[in-house]
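Remarks on the overall topology
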Amino acid sequence: MLYLQLLINGIQTGAMYALIAAGFSLIFGMTRVFHAAHGATFTLAGFVFYECYSLLQWGLLPALLAAAIASGLFGVLLNRWVYVVIQRHEGSFFTVFAASFGAAIVVENLVAIVFGKGLVTVSSDWSRSVEMIPGLFVAPMALVAVVVAVVCFAVLHYVFTHTNLGVALRALGENPTLVDVYGLNQKTLAKYAFLIGSVLVVPAAVLTAMTSGISASMGHHIMMISIAATIVGGVGSLRGAAMAGLLFGLAENLCLAFVQPQWSEAVTFVILFLFIVFRPGGFYGRAIVS
Amino acid sequence: MKKLLRALAISQMLVAAPALAEDIKIGAAFPMSGANAEYGEIFSSGVNLAVDHVNADKRLNGKLEVVYEDSQALPTQGVIAANKLINVEKSPYILSAFTGVSKAIAPLGQRNQVVMINGGGVGPDLAQLGPYFWNVIPLVNLEVATMVPFLVKDKGLKRVALVYVDDPLGQSAREVLDKELKAAGGELVKSFSIPATAQQFSGVAAQIRDAKPDAVYIASYGNQQVQLAKQLRDNGVTQPLASYSAFSIPSLLKLPEAQGSYFTSQQVNLDSSDPRTQRMVSDYRAKYGKDPSMYAINYYNAVLLLADLAEALQKEGKPVTGANLLEKRKNTPTFDFVGAKVSFEDDGTVKAPVQINQIADGTTKLVKSGQ
Amino acid sequence: MLAYIQNIIVLFSINAILALTLNFIMGYAGIFSLAHAIFFGVGAYTAAYMALNVTDSLLICMLAAMVVSALLSVVLALPALRVRGEYFVAASLGLQIIGVTIFSEWKSVTGGLGGMIGIPPPVLFGYTFSSTGQFVGLSLAVLLGVLVILALLVRGSFGRSLMAIRDSESAAQAYGKYVNAVKTLSVAVSAGLAALAGGLYAFYMSFVNVEAFTLNMSILLMAMVIIGGTGTLLGPIVGAAIVMALPAALTYLPFIPSSELGTIQQIIYGLAMVILMMFRPGGLVGGRGKEKSA
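Numbers given for residues are sequential positions, taken from 1 along each chain in its written order. Each chain is given a letter, starting from A, and each ligand a number, starting from 1, according to the order in which they appear as written. This being a predicted model, a pLDDT of at least 70 is required before a residue's local features are given, and a value of 80 or more before pairs of side-chain atoms are given or counted; all residues contribute to the totals for chains, interfaces and linings. Computation of side-chain values covers all heavy atoms of the structure but excludes hydrogens and water.

**Observations regarding the pairing of strand β14 (residues 354-360) of chain B**
Residues and elements named next belong to chain B. Short version of the rule: Each residue is placed in one exposure class: buried if its accessible area under a 1.4 Å probe, protein chains only, is under 20% of its type's maximum, exposed if it is over 50%, and partly exposed if it falls in between. Numbering of helices and strands runs from the N terminus, with a helix taken as a DSSP run of H or I at least four residues long and a strand as a DSSP run of E at least two residues long. At least two DSSP bridges between two strands are required for those strands to pair.
Of all seven residues in β14, seven are buried, a share of seventy percent or more. By the alternation rule, side chains of β14 split into Val354, Ile356, Gln358 and Ala360 and Gln355, Asn357 and Ile359, which are all buried. Sheet topology note: the strand β10 (residues 262-266)/β14 ladder contains five bridges and is antiparallel. Opposite glutamine 266, over in β14, you have valine 354 as the bridge partner. Direction of pairing for β14 relative to strand β15 (residues 363-368): antiparallel, over a ladder of five bridges. By the bridge assignment for β15, asparagine 357 is matched with leucine 366. The antiparallel hairpin formed by β14 and β15 contains two residues in its connecting segment, where aspartate 361 sits at a positive phi of about 55 degrees.

So this is what it looks like as structure tokens:
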């Protein structure tokens, strides 16, 4: 019964990680920008939702919209005001990463000033666990999380395969120069990549706020999962990142049956190391050995 | 000749007077910024009140002053803060907080013969920091040993599960729980160690449910306890919770999921008729609009301890230095702390009665007095 | 007063050594590491363990610290560097996290969360370093030594190979440079020298615990390198001085509530990083260009 419980917890966590990792992988895969501020986008979305829903008492939908606007704006503006400027004159990996990291630190601390450094939760009846069968506690929120994740991925899949924008974005990821030849604008496409990737964190942020709570310094952990999942899934593959996110969520929870809780974060990175050593391409990507 | 004598007399007074009217500067290395700044505020509220009282009573020759330095609750910063207090402010008595900081600055106190005094941490490692490191509160082993017979004999809760942070405090809690439970006829059914930074406990809750204990003991601190209590309840752990003095922080007392939990603390009856207690409690209530927490009381006691020792030293004409304070403390059998009479052990820890409280209506209720 | 300043000097030297060694791989080799605090920690714990259990000889403890740290870095670098730059970032982030867990859990070696107290003062050829004044001399000497070693490496052919690899790996490989060997060696040098700072820290404080080796410390070190300037030898030293002086300087601004000092500090670092990267990627010392022959 313990295993079943941990499995269910793992699926819930994994669904959230899959969404977050997909957002990062989308941005990184399409624009080659190491958007280290993705964790900050998550934090921002979560706290904007908390502010609007719990503190200002707006309805669920308006609060969600506010969170989506905030995170989307953040991603797009960061790209336009910071990354593009850097890429104009130099754009090395280091410079972009350092700027992104700096932005993440600023956001994390601004959130801490406004909301404090502790954990906040959006209280909702749906996060209280219900004993479904003896020994198995599941919160309705867990089911919501999985459903939302599946829906989001379905929508993403549709966008990427059946819309012009989606196809153009995939092209951008595979061969940016050819995209120019086709007459499409790289910069505009990049903007959309940031927009979609950033908004993708909103469901995960909201659900996390309602279940285990969010804190200003969560961004680091989110970043780690995003990067690790992108690598394990294969750079450039959204499906891979999502699967890797699910894998990490499952691993984090299932390992509790065997090891003390301290090690559950480490398990994620053991998996990462193993992939780097034995299969750097990840699930679906091609490793570029330099 | 007379003029010379008069001049000599005046100059002698001028030289002697400053030594007699010496102000005493005590230092405090508290987290004034960062995640634990809240604790720094609680501690300093007790300290400031004590300083006001000592000066109002004019117990010392000269003024008592306190200088605050920011330790950020980190060992390296604590060392910088303590260095400033010892070498620049020339403080003979420094209030410390947070075990990591205390352990880092204890060698400085030892080397410079400056007293360092802790009123917050209760880990057993705080008893091993040398003669110049003192603790004004009983350490966790005393607290746990008091809670066990209460749980087993008074409440019939024999099977206890433990959730603990794997540091010396948590390890000590585990050892003492194991030993005392066996002795009292109970059992430590399972213990789960959690990382100090963990915030997610649904897995731990699942395992606790699996173990089916009668009660759950929590050895954690700060915000983590609040999360732990809430998530355990959210995930179906209905058994009563028990812990040590760290449960006395406001955010936990107000948590709906924590109501009914038991925790130990140093003996203090807020309604006692003892004059020191009454004065401290009523003035604190007047100044801050709420009851003083255990931490505020501890640091109030720490300052009063200095005042008692310094007053005695000054009466004997001795200078108030760290070495003299240590000697005076060793020669004093008991001290009147707010809440109880205590006496110091040789290792700088305090023997004090421990009481058992229960959280009810967002505040604490005394359930069993200490001996 | 003097003792207070001496204390600051010792801690500054330690931070400067860490910043210099981090810059060696970030600025000159273009390798990103978020795990520098772990190598600092490995050095500190190794020196402390040796001093408590084996010998209090300064040379042996420091040597042990350097070797363990360098070996660990090689284990990390070998698989990660052969693929691509982003992988090393992820791997180093992972090492930072696992490192903190291991420091907190491996009680028999590191003392767990409680750390190790009572580390004895080190002895060099019969001379014991126990007072703050003596540590000032020792730490400044080590800082100078590290500076000299790094300067020699950077100005020599090793440094030129590193910078060639940083600027274009495929070109460097075409020229016949053993890219992987050079990169791995640079990581080993960086980690080994960082361990020296760890040893200094352990002996000076007589106490080590995991709180000094967290992700926040790695971030602080990154801030020092980036703000001071990558790709120069003076930059990290300037960066270390600025970052250390910032908390004290902020206390003079009356309108900042003391409970927010820490967050304001971090915001300043973050903003500095963003703005510098946009307009002056070489940092304060480096200027517009990132390439400098040092």
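**So, the nonpolar core**
Stated precisely, the cut-off is as follows: Residues enter a nonpolar core if they are buried and are Ala, Val, Leu, Ile, Met, Phe, Trp, Tyr or Cys, with the set joined through side-chain atoms within 4.5 Å. In what follows, a contact means two residues having at least one pair of non-hydrogen atoms within 4.5 Å.
Among the nonpolar cores identified, the biggest contains 314 residues, and B:Tyr93, B:Leu95, B:Trp134, B:Tyr217, B:Leu305, C:Val208 and C:Met222 are the most heavily contacted of them. Not counting residues within four places of it along the chain, the set of residues in contact with B:Leu95 comprises B:Gly27, B:Ala28, B:Ala29, B:Phe30, B:Val47, B:Ile117, B:Tyr299, B:Ala302 and B:Val303. Judged by nonpolar contacts, the second largest core, of 14 residues, contains A:Met30, A:Val179, A:Ala193 and A:Ile196.

**With respect to the interface of chain B and chain A**
We count it as follows: Accessible area that two parts lose when put together, with a 1.4 Å probe and added across both, is what the buried area reports. Whenever Lys or Arg places a side-chain nitrogen within 4 Å of a carboxyl oxygen from Asp or Glu, that contact is recorded as a salt bridge. Definition of a polar contact: a pair of N or O atoms within 3.5 Å, with one able to donate and the other able to accept a hydrogen when the atoms are protein atoms, and with sequence-neighbouring residues admitted only if both atoms are side-chain atoms. Only Asp, Glu, Lys and Arg are considered charged, only Ala, Val, Leu, Ile, Met, Phe, Trp, Tyr, Cys and Pro nonpolar, and every remaining residue, Gly among them, polar.
Counting residues at the interface gives 25 residues for chain B and 18 residues for chain A. Summed over both sides, the interface of chain B with chain A buries roughly 1700 Å², with 49% coming from carbon and sulfur. When the buried surface of chain B facing chain A is broken down by residue, B:Gln207, B:Arg209 and B:Asp234 rank first, second and third, together holding 26% of it. Linking chain B with chain A are zero salt bridges, by the criterion used here. Here chain B is connected to chain A by two residue pairs in polar contact (both at pLDDT 80 or more). Counting only elements with at least two residues in the side of chain B that touches chain A, the list comes to β7 (187-194), α7 (202-211) and α8 (223-234) of chain B. The element contributing the most residues to the side of chain B that touches chain A is α7(B), with seven residues. Grouping the constituent residues of the side of chain B that touches chain A by class yields six nonpolar, twelve polar and seven charged.

**Describing the interface of chain C and chain A**
Listed by partner, the interface residues are 43 residues for chain C and 46 residues for chain A. Both sides of the chain C and chain A interface together cover about 4200 Å² of buried area, and 77% of this is carbon and sulfur. The tally of links between chain C and chain A comes to zero salt bridges. Run the count over chain C and chain A and you get one residue pair in polar contact (both at pLDDT 80 or more). In terms of residue count, the dominant contributor to the side of chain C that touches chain A is helix α4 (residues 85-105) of chain C (13 residues).

**Brief notes about the packing of aromatic side chains**
Defined as follows: Between rings of Phe, Tyr and Trp, where Trp is taken as its six-membered ring, a pair exists when centres lie within 6.5 Å; planes separated by under 30 degrees are stacked, by over 60 edge-to-face, and by other angles tilted. Definition used: whenever NZ (Lys) or CZ (Arg) falls within 6 Å of the ring centre and also within 35 degrees of the ring normal, the charge is taken to sit over that ring.
Counted by the stated rule, this structure contains 36 aromatic pairs over all chains. Measuring from ring centre to ring centre gives 5.7 Å for A:Phe24 and A:Phe34, while their planes differ by 80 degrees; the resulting arrangement is edge-to-face. Within this pair, whereas A:Phe24 is found in helix α1 (residues 2-31), its partner A:Phe34 is found in the loop between α1 and α2 (38-55), the two being separated by ten residues in sequence. The class of A:Phe24 is buried, set by a relative accessible area of 1%. A:Phe34 gets classed as buried once you look at its relative accessible area, which sits at 2%. A centroid spacing of 5.1 Å and a plane angle of 85 degrees characterise the contact between C:Tyr127 and C:Phe129, whose relative ring orientation is edge-to-face. A relative accessible area of 8% means that C:Phe129 is categorised as buried. A connected cluster of aromatic rings, assembled from ring pairs, spans B:Phe30, B:Tyr39, B:Phe43, B:Tyr68, B:Phe98, B:Tyr295 and B:Tyr299. When the ring centre of B:Trp134 is taken as reference, the NZ or CZ atom of B:Arg329 above it lies at 4.8 Å.

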